[in-house]
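# Descriptive analysis of the structure
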Amino acid sequence: QARYGEGITIEGELSSDEDVVVRGNVRGKLTAKEGVVVEASATVEADVTGGTMTIAGSITGNVQSSDRVDLQAGAKLVGNVKAARITIADGAQFKGSVDMDV
């Protein structure tokens, strides 16, 4: 499992064959073959592609999941979502469109 810690800023194109847990800042592009977790401390300014996504932090960019996207309370997503399923918890912020034709 790839982990990008709090206080770290990564810029560029990131790819992983495993789950990715983001605690810091990522700018650019993030692609994971497995799941993506954006923790509450994280800020992502990138297009994100992967499996199941759990978002508690902030994402500015388009999100594409092969399974589902879960926006937790306190999450902020500005961008378009393409996924088979999406859940938006009370207290989450979302601005964009949803395409569930996967």
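For the structure itself, look to the data block above.
One structure accompanies this document, and this report is about it. Bear in mind that the values here come from a model prediction, so they are computed numbers and not experimental data. (Residues numbered from 1 in each chain as written. Predicted model: local features only at pLDDT ≥ 70, side-chain atom pairs only at ≥ 80, totals over all residues. Heavy atoms only, no water.)

From N to C terminus, the protein chain includes zero helices and 15 strands. A compact globule built from 102 residues should have a C-alpha radius of gyration of about 13 Å, and the protein chain, at 12 Å, falls within 12% of that. Its C-alpha atoms put the protein chain at 30 × 25 × 20 Å along the principal axes. Here the protein chain holds 102 residues, and 37% of them are scored as buried. For the protein chain, long-range pairs separated by at least 24 residues make up 1% of all intrachain contacts whose partners lie at least 6 apart in sequence. Element-wise, carbon and sulfur atoms account for 42% of the exposed surface of the protein chain, whose accessible area totals about 5300 Å². For the protein chain, the centre of its 10 positive side-chain charges and the centre of its 15 negative side-chain charges are spaced 2 Å apart. (Helix = DSSP H or I, 4+ residues; strand = E, 2+ residues; numbered from the N terminus. Rg over C-alpha atoms; globule rule 2.2 N^0.38 Å. Buried < 20%, exposed > 50% of the residue type's maximum accessible area, 1.4 Å probe, protein only. Contact = heavy atoms within 4.5 Å. Areas by Shrake-Rupley, 256 points an atom, 1.4 Å probe, with all protein chains shown as cover. Lys, Arg positive; Asp, Glu negative; His and termini not counted. Charge placed at Lys NZ, Arg CZ, Asp CG, Glu CD.)

If you look at the biggest cluster of nonpolar residues, it comprises 24 residues, and the most contacted ones within it are Val-44, Ile-59 and Val-69. Elements with a minimum of two residues in this core: strand E2 (9–16), strand E3 (20–22), strand E4 (25–32), strand E5 (36–38), strand E6 (43–50), strand E7 (53–55) and strand E10 (68–71). If near-sequence neighbours (up to four positions away) are discounted, Val-44 is found in contact with Val-22, Val-26, Val-38, Ser-58, Ile-59 and Thr-60. (Core = buried A, V, L, I, M, F, W, Y, C linked by side-chain atoms within 4.5 Å.)

What follows is about the environment of Gly-96. Summarising the element assignment, Gly-96 is placed in the loop between strand E14 (93–95) and strand E15 (98–99). Judged by relative accessible area, which is 48%, Gly-96 ranks as partly exposed. Along the chain, Gly-96 and Ala-42 lie 54 residues apart, while their C-alpha atoms are 20 Å from each other.

Scanning the model with the defined rule gives six salt bridges in all. Across the pair Glu-11 and Arg-27 runs a salt bridge whose closest N-O atoms are separated by 3.1 Å. Here Glu-11 is found in strand E2, whereas its partner Arg-27 is found in strand E4, with 16 residues between them in sequence. For Arg-27, a relative accessible area of 33% corresponds to the partly exposed category. (Salt bridge = Lys/Arg side-chain N within 4 Å of Asp/Glu carboxyl O.)

Turning to the environment of Val-63, a few remarks are in order. Locating Val-63 in the fold gives a position in strand E9 (residues 63–65). Separated by 18 residues in the primary sequence, Val-63 and Val-81 place their C-alpha atoms 4.8 Å from one another.

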